[in-house]
Amino acid sequence: MNMTADPRDRGGPAQPLLLVNDLRKHFPVRGGLLGRQIATVQAVDDVSFSVRKGETLGIVGESGCGKSTTARLLMRLIEPDAGDVVFDGDPVGDRHGLSVNAMRRQMQMVFQDSYSSLNPRMTMAESVAYAPRMHGLPAKEALSRAEDLLAQVGLNPRQYARRYPHELSGGQRQRVNVARALALEPRLVILDEAVSALDKSIEAQVLNLLAELKARFNLTYLFISHDLNVVEYVSDRVLVMYLGRVVETGPVEAIYARPRHPYTRALFASKPTLDPDRRTKEMPLTGDPPNPINPPSGCRFRTRCAFAQAICAELVPPLAAPLDGADDSGAHLVACHLPHAQQVLHA
Amino acid sequence: MSQATAELVRRELGPVEITPIAAAPGYWKAVGQRLMRDPVTIAVTVILLGIIFISIAAPLVAGADPYAGSVLARLKPIGTPGHWLGTDETGRDLWARLCYGGRLSLLAGILPVSISLVVGGFLGILAGYAGGLVGTLIMRTMDVFYAFPSILLAIAICGLLGNGLSNSVIALSVVFIPPMVRISETVTTQARHLDFVEAARASGTTTMQIIRHHVLANVLGPILVYATSLISVSIILSAGLSFLGLGVTPPQAEWGLMLNSLRQAIYVQPYVAALPGVMIFITSMCFNLMSDGFRSAMDVRLNK
Amino acid sequence: MLIFAARRIIQAIPILLGVSLVVFGLVHIVPGNPIDLLMPPEASPEVIAQMKAAFGFDKPLYLQYLLWLGRALRGDFGLSVFNATPVWGQLITALGNTFILAILAAIVGFTLGTVCGLLSAVFHGRWPDKLFSAIATTGVSLPHYWCAIVLVLACAVLHDWLPAQGMGDDSLPLYDRLEYLVLPVATLSLIPMGVIGRLVRATVLEILSQEFVGALTAKGLTRWPVIRHICRNAAPPVLALMGLQFGYLLGGSILVETVFNWPGSGNLLNLAIFRRDIPVLQATILVLASFFVVLNLLVDIAQAAIDPRIRR
């Protein structure tokens, strides 16, 4: 890992860049006669994870599992109900720690929709230069930095700096969004389904660009996606979410080769593959995901799990090392009560 | 482009020198260009400028004193030598009355809309961006005033405040503020939820900066279109108030007032009596068409 | 659906209360004692004090408001200052007359407007579009009180085709009385025609440009079913605006009624203003505004019934 000294680095390589503890967000549902709150959407519940410096953490899950909400909670675009976020040793939002503003200068985000992420009435250079300008950089310098960044993401500034969003293709716009995210020189970049809306060939180009930029600028990535193949390609570690909770996390090879949680296994099993050696032996996911408004008690996956027992309804399974002790450094964690369910069934 | 960037471009993107393509014009410039190509809007704007010019330059153009009347010269028809548009019921020159009347009528049309634009636009953008309790409070208060049909509210306020131009301007401003607030709030709420505004929030810039650079430009367009169409309504309404005797008081010249005082004259000089109404109609129509042209020019969908 | 309706009705109540507050408050905001507005200037102080007590103006403001509101809800608006007859009776008669005008003007205006709008949209870009759009824009830009004058000029003064004023005597046969309706209705229908015409044109154009129309035609549907689809999609906003316009016709008829001397609520309002007849003024404004609120409420509920997306 390329760890040239960053002057903002506080704790050295051993300290996680991002530490998230028991993050929670419930959204009220209003209805009824007077518009009172009648239910809650439990979007994110007790989510904890860490991101090491220089790595790419992939977050996977179905639509509605809370991945994007988590990203917005981290960026404080939504206020969390509970939980702590610690950035390089400094608690965010705390009086003695990092202010939200200061955190935003070190952590940035790229959104999924490349068109609506850009102000249709601003040129590309203006969009990229906006944040540095607002933070005090003189206009000329901000523009020249913007042009430099456009070049870094592969767009010739002489050709693209004064264009408008509707004149660019999706891939080009997403490059501009990446440039915009890099304008404040962040250390962590959250990519929320950043390549999901692009054509496959363009997607590959942008992914390669992201890898280059990561090396060049010493970045750490949080890569959110529902595409399992892409996550496998880019990530060092993976986090699997289901209905607002983390069900499994670990190194990418471990998760993809030996998934432990029944949900993860079913997720991978439902990946279509042309390999005749990998025929589907177990039942892929059935049924619709239950409603996050009234999630099942205890383990939220139990209503679709082939191994569910009584305890699964009573107790929320903690995220812990696999019960068969077979795994290594304790990096691979599973949230399941039943050793039998965690065992890998060999084909 | 800095030296380092040029170097980077050459290294990463190859030696091909791409000739710089002329930059696409800015959004507002593009709107301006589209307006220039619209014959209706241009014609209408020219007419309006003419009317405004005549009103402002009334002392020079009128050729007669709008207050000087002579009973002997009452109700002369169109084409009378010395009074080419005739005279009104007290013998005052009609052309002069129309010129000077334009001042008050235009003022009564444009001023209330401008006031409501500033006040209503501010309240609406505030309500739309802040949301929550502040937004709800503002919108519910506006709902109460919105519950009155405009003419009714204007008449009620005018009727109780009394006559006079300033009272009618106040009344019309109050009448126009709720729809202004409503339009600004709707457009701002839509803009607030767009991704690029979220991205701007995520970059740690202050609310005022976000509103100034991102929200305002996207919001002003529709608001201005609506305001322009309101001017035509305002001219008709203010003339209507004067017509009822609630606005401008005699002997001042104002188109609505003239329409009322000439009502009995239709039996004697019908064409002269109808003239003030023609002016109101033309001015109002021009503002309406201008508003339509503005809206078409700003609609990116129709033009790309 | 029912919940939406109930919620809307509950939301309307504070608005109605607010309206009554505004109507009540307007009179007291006006510079000058309300009593002075009613009394001749040379009245002696004792008489003034007596009148104050009689009208209840000596009580605290909120109490006056509640008393007034209570009486208003029972239909008791007091006596007209001008001719000492009960306000309620006058108001009802006047409202009825305005209603006749409004209904007829609505029918004429909405029909013409819809036809103009549809034809404009269907022949988009060609000369019928320009013609009908021009008609609609004219309808919106015309000062309708001026139109009234011109119509009176053309039809009553220059040629004696139609009566210029009033509603006609009760003694006349129905056919003759209908003559009195023609000019006022024609004038009043101009603005709704313009407004509805423009909206219909814009709405239908937008629907025609949407993809599902192409999909329907590609599926082989012939013209008539496609037109039905278009109408069903265009209906909600147009119907909403029609409701609003009807409210404006009822509440904003004062100018036309003044020109034609039609004894409707607008005329009553006009006279009340000039006679400083406060009870009549308050009652008329309150009833007209409340009617407008209720009308808006019904329009919202009807819209939600047609378009399920609106029910939250």
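Scroll up a little and you will see the structure.
All values derive from a computational prediction rather than experimental measurement. (Residues numbered from 1 in each chain as written. Chains lettered and ligands numbered in written order. Predicted model: local features only at pLDDT ≥ 70, side-chain atom pairs only at ≥ 80, totals over all residues.)

> Explanation requested: the overall build of chain B in the structure shown.
Helices and strands together make up the secondary structure of chain B, namely 13 helices and 0 strands. Burial statistics for chain B: of 304 residues in total, 48% are counted as buried. Within chain B, contacts between residues at least 6 apart in sequence are counted, and of these 69% link residues at least 24 apart. (Helix = DSSP H or I, 4+ residues; strand = E, 2+ residues; numbered from the N terminus. Buried ≥ 20, exposed ≤ 12 C-beta atoms within 10 Å, placed from the backbone. Contact = placed C-beta atoms within 7 Å.)

> Explain the interface of chain C and chain B to me, please; I cannot follow it from the model alone.
Accessible area lost when the parts come together is the quantity often used to give the size of an interface. With 36 residues of chain C at the contact, the number on the chain B side is 31 residues. At the level of secondary structure, the elements contributing two or more residues to the side of chain C that touches chain B comprise α1 (2-29), α6 (127-141), α7 (144-158), α11 (223-251), α12 (254-260), α13 (265-275) and α14 (278-306) of chain C. Top contributing element to the side of chain C that touches chain B by residue count: α7 of chain C, with 8 residues. Residues belonging to the side of chain C that touches chain B are distributed by class as follows: 27 nonpolar, 9 polar and no charged. (Nonpolar A, V, L, I, M, F, W, Y, C, P; charged D, E, K, R; others polar.)

> What is the right way to look at the packing of helix α5 (residues 87-122) of chain C against helix α9 (residues 190-208) of chain C in this model?
When two helices pack together, their arrangement is given by the angle between the helix axes and the distance between those axes. Residues and elements named next belong to chain C. Viewed as axis vectors pointing N to C, α5 and α9 meet at an angle of 35 degrees, and their least axial separation amounts to 7 Å. Judged by the twist between their axes, the crossing of α5 over α9 is right-handed. Across the interface between the two elements, Ala105, Ala106, Gly109, Phe110, Leu112, Gly113, Thr114, Cys116, Gly117, Leu118, Ser120 and Ala121 from α5 touch Pro192, Met193, Gly194, Ile196, Gly197, Arg198, Leu199, Val200, Arg201, Val204, Leu205 and Leu208 from α9. Tallied by class, the residues present in the contact of α5 with α9 amount to 15 nonpolar, 7 polar and 2 charged. (Axes fitted to C-alpha atoms, helices over the stretch in contact; angles between N-to-C directions. Left-handed = near helix turned anticlockwise from the far one by under 90°.)

> Any chance you could explain the nonpolar core here in plain terms?
Soluble globular proteins tend to bury their nonpolar side chains together. Ranked by size, the top nonpolar core spans 245 residues in total, and within it Val128, Leu150 and Leu222 of chain A, Ala154 of chain B together with Ala289 of chain C carry the most contacts. Among the elements that take part in this core, helix α10 (residues 207-243) of chain B stands out by supplying 17 residues, more than any other. Both domain 1 (18-235) and domain 2 (268-342) of chain A contribute no fewer than three residues apiece to this core. Not counting chain neighbours up to four residues away, the residues in contact with Leu222 of chain A comprise Val51, Leu57, Ile59, Leu188, Ile190 and Leu191 of chain A. (Core = buried A, V, L, I, M, F, W, Y, C linked by C-beta atoms within 7 Å. Domains from an automatic or database assignment.)

> What's the story with the pairing of strand β4 (residues 82-87) of chain A in this structure? I'm lost.
Side-chain direction in a regular strand flips from residue to residue, so the side chains alternate between the two faces of the sheet. Residues and elements named next belong to chain A. Where β4 and strand β5 (residues 90-91) come together, 2 bridges link them in antiparallel fashion. Bridge pairing in β5 places Val86 opposite Pro91. Following β4, the chain reverses through 2 residues before pairing antiparallel with β5; Asp88 in that reversal takes a positive phi of roughly 50 degrees. (Pairing = 2+ DSSP bridges.)

> What am I meant to see in the sheet that holds strand β3 (residues 56-60) of chain A here?
All names here are of chain A. Spatial ordering of the open sheet is given by β6-β7-β8-β3-β9-β10-β11, a layout of 7 strands whose pairing is mixed. Pairing within the sheet leaves two strands with one partner each, and these edge strands are β6 (107-110) and β11 (333-334). As defined by bridge partners, β6 adjoins strand β7 (residues 188-192) across 4 bridges and the pair is classed as parallel. Considered in β7, the bridge of Val110 is made with Leu191. Along the sheet, helix α1 (residues 67-74) contacts β3, β6, β7, β8 (220-225) and β9 (237-242); its crossing angle with β7, the most-contacted strand, is approximately 150 degrees.

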